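# Notes for the structure review
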Amino acid sequence: MTTEQPQPPLAPAMPPIKVLLADDQALLRSAFRVLVDSEPDMEVVGEAADGAQALELARAHRPDVVLMDIRMPGTDGLAATRAIGADPELAAVHVVMLTTFEVDEYVVESIRAGASGFLGKGAEPDELLNAIRIAAGGEALLSPAATKGLIATFLKQGGSPGAPRAADGAHAARLATLTVREREVLAHVAGGNSNDEIAELLVVSPLTVKTHVNRAMAKLGARDRAQLVVFAYESGLVRPRVE
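Presented here is an overview of the structure given in this document.

Rules of the game
- Residues numbered from 1 in each chain as written.
- Predicted model: local features only at pLDDT ≥ 70, side-chain atom pairs only at ≥ 80, totals over all residues.
- Heavy atoms only, no water.
- Salt bridge = Lys/Arg side-chain N within 4 Å of Asp/Glu carboxyl O.
- Helix = DSSP H or I, 4+ residues; strand = E, 2+ residues; numbered from the N terminus.
- Buried < 20%, exposed > 50% of the residue type's maximum accessible area, 1.4 Å probe, protein only.
- Core = buried A, V, L, I, M, F, W, Y, C linked by side-chain atoms within 4.5 Å.
- Contact = heavy atoms within 4.5 Å.
- Pairing = 2+ DSSP bridges.
- Axes fitted to C-alpha atoms, helices over the stretch in contact; angles between N-to-C directions.
- Parallel < 35°, antiparallel > 145°, perpendicular 65-115°, else oblique.
- Nonpolar A, V, L, I, M, F, W, Y, C, P; charged D, E, K, R; others polar.
- Expected span 1.5 Å × (residues − 1).
- Arc of directions from axis to C-beta.

This part is about the pattern of salt bridges. According to the stated counting rule, one finds 11 salt bridges in the structure shown. When the shortest N-O distance is used, the salt bridge between R33 and E47 registers 2.5 Å. One end of the pair, R33, is in helix α1 (residues 26-37); the other, E47, is in strand β2 (residues 42-48), with 14 residues separating them in the sequence. A residue is classified by how much of its surface remains accessible, and E47, at 24% relative accessible area, is partly exposed. Where salt bridges share partners, they join R29, R33, D37 and E47 into one cluster.

Structure (structure tokens):
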């Protein structure tokens, strides 16, 4: 007579990623909803037609990710992102900015405001879904191509590469808190390199690079990798080259 072996308990299913859609175009929101809701690991918890409504729904539903259009009537996506980033109760909410082009005039400000990254509205469905998963996992959505565009936008807004800035003293003080290795890693982050690429360049493990990145973020008060890039250029640690 055989005795049945007890079965190990099933691992609890991960809750779906909660997504809030904020765009003034109803047709676009509808398309995004169909796409997101078709995935077993994510769900749409609300739709907003402007930034004020997005902020209200973010506070009500506490989504993991907000897909936020930058340009909306009334309260725009930039103002809404700034409000979300300033609310301690919404610290776990990650904003991905949606732009007509991958980089536009508001991108630098959106990163400063707390957005985790940005995505062009012309992105492929798989790119959009991947962006949601990346942002929900706490990582920044900032590809090398996007980083180059961000640098170009920064140059356009901030003037020539060597131009002094009013906040140079404050930036220098914050930069001084970093170790030599953390500065080196930060420079590579600003160049659009991934952790794996940086690890190969510095002949260390990706985990070591991640540790340096996290420490730099903590010391600089950066919400994520995207804000590190902006800081690297504003502080003068990296000098952009105009091609």
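Back to the text.
A few words on the nonpolar core. Counting 22 residues, the largest nonpolar core has A22, V66, M68, I84, V95 and M97 as the members making the most contacts within it. Taken together, the elements giving at least two residues each to this core come down to β1 (17-22), α2 (51-61), β3 (65-69), α3 (77-86), β4 (94-99) and α11 (225-234). Not counting the four nearest positions on each side in its chain, V66 is found in contact with L20, A22, V93, H94, V95 and V96. L186, I198, V229 and A232 belong to the second largest nonpolar core, which has 21 residues in total.

Here we have five strands laid out as an open sheet, ordered β2-β1-β3-β4-β5, and parallel in their pairing. The sheet is open, and its two edges are formed by β2 and β5 (117-120), each paired on a single side. In this sheet, adjacent strand axes meet at a mean angle of 25 degrees when their direction is disregarded. As defined by bridge partners, β3 adjoins β4 across five bridges and the pair is classed as parallel. Residue pairing for β4: D69 is matched across the bridge by L98.

Before going further, it helps to spend a moment on the packing of helix α8 (residues 180-190) against helix α10 (residues 206-220). Helices that pack against each other are described as a pair by the angle of their axes relative to one another and the distance between those axes. The interhelical angle for the contact between α8 and α10, taken along N-to-C directions, is 95 degrees, at an axis separation of 9 Å. Between α8 and α10, the angle is such that the two are roughly perpendicular. Facing α8, whose interface residues are R181, E182, V185, L186 and V189, α10 presents V209, H212, V213, R215, K219 and L220. Its residues assigned to classes, the contact of α8 with α10 comprises six nonpolar, one polar and four charged.

Our focus in this paragraph is helix α5 (residues 125-136). Over its 12 residues, α5 extends 17 Å from the first C-alpha to the last, a length consistent with the 16 Å expected when each residue adds 1.5 Å. For α5, the full list of buried residues reads L128, L129, A131, I132 and A135. Within α5, the buried residues cover an arc of 155 degrees as seen down the axis, which keeps them to one side. At its buried positions, α5 is contacted by β1, α1, β2, β3, β4 and β5. Just beyond α5, the residue with positive phi is G138, at close to 90 degrees.

This part is about helix α9 (residues 195-202). Here α9 has its buried residues at N195, I198, A199 and L202. The buried residues of α9 occupy one face: seen down the axis, they fall within an arc of 105 degrees. Seen from the buried face of α9, the exposed residues on the opposite side, beyond 90 degrees, are D196, E200 and L201. In this fold, the buried residues of α9 make contact with α8, α10 and α11. Two residues or fewer past α9, V203 is found with a positive phi of approximately 55 degrees.

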